[in-house]
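Chain by chain, the residues:
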There are 2 protein chains.
Amino acid sequence: MTNDSENTSSDEQPKSGGYSRRDALKLASVATLGAIVGGGALLGRATPALAKAAGAGMLSPADPLNIVIAVYPGGTLLDFAGPSEIFHRLPNTNVRYASLDGGYVTLEFGVRYGKTERLADIAKADMILVPGGSDLTVAMSPEYQAQIRRLAEGAKYVTSVCNGSLVLAATGVLKGKRSACHWAFVNKLSEYGAIPVPDRFVEDDNGRFMSGGGVTAGIDFALRVAGRLRGQQAAEFTQLLIEYDPAPPFHSGHPRDARPEVIAMVDKVLPGASKGLARVPGVR
Amino acid sequence: MTNDSENTSSDEQPKSGGYSRRDALKLASVATLGAIVGGGALLGRATPALAKAAGAGMLSPADPLNIVIAVYPGGTLLDFAGPSEIFHRLPNTNVRYASLDGGYVTLEFGVRYGKTERLADIAKADMILVPGGSDLTVAMSPEYQAQIRRLAEGAKYVTSVCNGSLVLAATGVLKGKRSACHWAFVNKLSEYGAIPVPDRFVEDDNGRFMSGGGVTAGIDFALRVAGRLRGQQAAEFTQLLIEYDPAPPFHSGHPRDARPEVIAMVDKVLPGASKGLARVPGVR
């Protein structure tokens with residue numbers, strides 16, 4: 001039932017000094033433990049091995065990480081509630097929420113969330129995260145797209161959860177890039193020149209692009225991002241705090257496991273879903 | 001790594017006509033399939049077997065389900081964002097959010113959520129859900145406790161996620177009842193006369209009391225509640241829509257799996273956590 005895409009996702013980090021990225025993170029964890037437990041600060045110093053493995057343009061855990069979560073009317077709360085719960089708990093990390101008009105944003109099911117900043121007021125972000133939604137009309141509007149394109153072009157990390165990757169792809173920044181998406185929408189990525197990858201976590205360009213599959217995949221996505229950018233120990237600390245020890249009572253989380261009649265129910269509310277070509281308002 | 005408490009949770013439904021509750025739900029799923037696929041409505045009619053198995057005071061999927069999620073300042077968004085994402089997608093189910101003063105509520109990390117109704121304005125709910133938080137000062141106040149006690153006493157289902165069970169327990173309604181809680185707080189339940197059970201999902205009194213463990217356990221909790229009250233097929237449909245096919249990159253979601261140094265980090269920010277006796281503001 002697990003869908004660990006570690007082996008299928010693209011572009012493993014270049015080795016440095018005989019260590020893989022994973023090894024480097026492990027080393028960093030050990031190196032930072034003293035600082036963490038001794039000083040109360042959750043952030044340690046990056047080891048040389050980590051800094052090397054991180055590669056050009058990458059952050060080390062010692063660098064501040066500024067994340068902008070770009071929300072919009074019709075967005076899905078859980079797409080970013082998982083990641084935000086993780087990111088807020090990471091050391092040296094700042095999470096901001098922004099929308100086209102600022103203020104409160106009415107999400108799917110009428111839930112209101114805020115207050116958000118105005119996207120236009122944010123000069124730059126280390127990471128932009130675009131969550132998905134059930135209505136992408138605003139997210140696909142020229143005004144919103146222009147803001148997302150601007151922030152993505154200036155960001156070290158360009159990320160999405162669920163069909164937020166369609167919003168990113170529509171700006172053009174994912175041209176030729178591998179990306180995840182909610183299973184019901186994933187094949188629409190190619191209509192925007194991105195490469196659909198039906199995995200729970202996908203990366204490209206040495207991790208500059210990172211994306212999660214549908215809705216709850218945001219949690220797995222965010223833990224991977226956390227491990228990558230803030231160190232494995234910080235990610236594990238967060239996982240323990242949010243007790244992420246999943247035990248789904250049914251085996252219906254992906255079309256490969258779901259019963260045909262359940263897939264048919266989704267196809268009924270999202271025509272085209274089983275082909276990965278579902279549509280929501282705002283998507284051509 | 002999974003922690004399926006199906007076999008350890010209390011009080012299986014009484015058998016009726018040779019069917020267990022689980023059998024009855026399966027039967028109901030088959031019976032409702034025609035209605036679902038044919039009519040576009042997600043709700044079918046309950047079979048006699050299900051109605052019998054449901055027992056006194058239980059709902060059948062044909063009965064409307066009104067859920068009140070009781071939020072408060074300092075609450076944790078993901079504790080209820082998981083359940084709400086599931087409950088909003090269930091047939092014949094209405095989800096309301098309420099707080100002491102109504103309006104917007106400032107959650108953990110300064111996130112604002114709303115608009116909520118006033119708890120005092122809600123006469124009755126079929127189900128009350130109390131999520132947890134990092135500051136329980138308001139949730140433990142006499143005014144808040146009085147509202148929760150009133151709604152819980154009138155509800156068919158009394159539920160919680162994370163240390164929301166401490167809020168419920170403090171009202172007295174969990175006296176002698178088995179309950180889940182975030183692992184770092186679970187043993188504090190006994191200080192309020194409830195029975196701590198360190199599982200991801202716990203029930204008592206034939207499902208009148210249902211509770212989830214910490215934060216992300218709310219997703220597993222809500223899928224079980226969904227299967228119980230709206231039928232397994234509706235739960236599976238929801239699981240597929242939110243692509244709940246977890247693949248944690250690390251094995252650190254519970255103290256039984258986490259590395260000792262990571263548990264020590266949590267003990268540092270939440271003293272007493274590893275004994276299940278962590279404290280947050282508002283909890284004695």
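For the structure, see preceding data.
Only a predicted model underlies this, so the values are computations on that prediction, with no experimental measurement involved.

Cut-offs applied
Residues numbered from 1 in each chain as written. Chains lettered and ligands numbered in written order. Predicted model: local features only at pLDDT ≥ 70, side-chain atom pairs only at ≥ 80, totals over all residues. Heavy atoms only, no water. Helix = DSSP H or I, 4+ residues; strand = E, 2+ residues; numbered from the N terminus. Polar contact = N/O pair within 3.5 Å; in protein donor to acceptor, adjacent residues only side chain to side chain. Contact = heavy atoms within 4.5 Å. Buried < 20%, exposed > 50% of the residue type's maximum accessible area, 1.4 Å probe, protein only. Pairing = 2+ DSSP bridges. Axes fitted to C-alpha atoms, helices over the stretch in contact; angles between N-to-C directions. Nonpolar A, V, L, I, M, F, W, Y, C, P; charged D, E, K, R; others polar.

Visitor: What is the right way to read the side chain of A:D220 from this model?
Guide: Within the secondary structure, A:D220 is located in helix α6 (residues 217-230). In terms of polar contacts, A:D220 uses its side chain to reach the backbone amide nitrogen of B:A247, at 3.2 Å. Among all residues touching A:D220, those that are not within four sequence positions of it are A:R200, A:Y244, B:P246, B:A247, B:P248 and B:P249.

Visitor: Even after reading the chapter, I still don't get the pairing of strand β10 (residues 209-212) of chain A, so can you show me in this structure?
Guide: For a regular strand, the rule is simple: side chains alternate between the two faces of the sheet. Residue and element names in this part refer to chain A. Side chains F209 and S211 project from β10 onto one buried face, and the interleaved M210 and G212 project onto a second face that is buried too. Where strand β6 (residues 157-161) lies against β10, four bridges are found, and the strand directions are parallel. Bridge pairing in β10 places S160 opposite S211. Here strand β9 (residues 201-204) pairs with β10 via four bridges, running antiparallel. Opposite V202, over in β10, you have S211 as the bridge partner. From the end of β9 to the start of β10, which pair antiparallel, there are four residues, and D205 there has a positive phi angle of about 50 degrees.

Visitor: I tried to follow the pairing of strand β3 (residues 103-106) of chain A on my own but got confused; where do I start?
Guide: All names here are of chain A. The pairing of β3 with strand β4 (residues 112-118) spans three bridges and is antiparallel. When the sheet's bridge partners are listed, V105 is paired in β4 with Y113. Linking two consecutive strands that pair antiparallel, namely β3 and β4, is a turn of five residues; a positive phi of about 70 degrees is found at F109 within it.

Visitor: Quick question: what am I supposed to make of the environment of A:G227 here?
Guide: Within the secondary structure, A:G227 is located in helix α6. Note: C-alpha distance between A:G227 and A:R279 (52 residues apart in sequence) is 33 Å.

Visitor: Can you walk me through the packing of α6(A) against helix α7 (residues 232-241) of chain A in this structure?
Guide: What describes two packed helices is the angle between their axes and the distance between those same axes. Residues and elements named next belong to chain A. Two elements in contact, α6 and α7, have axes whose closest approach is 6 Å; the angle formed by their N-to-C orientations is 145 degrees. Along its contact with α6, which presents L223, A226, G227 and R230, the element α7 presents Q232, A234, A235 and Q239. Taken together, the residues of the contact of α6 with α7 break down into four nonpolar, three polar and one charged.

Visitor: For this particular structure, what's the right way to read unusual backbone geometry?
Guide: With the exception of glycine, most residues fall at negative phi, and the peptide bonds are largely trans. Put simply, A:G114 and A:K115 share a cis peptide bond, and its omega is -15 degrees. Assignment of secondary structure puts A:K115 in strand β4. Although it is not a glycine, A:E243 adopts a positive phi angle of roughly 45 degrees. Along the chain, A:E243 falls in the loop between α7 and α8 (260-269). Under the relative-accessibility criterion, A:E243 is labelled buried at 3%. A positive phi angle is found at B:D205, which is not glycine, with a value near 50 degrees. Mapped onto the secondary structure, B:D205 falls in the loop between β9 (201-204) and β10 (209-212).

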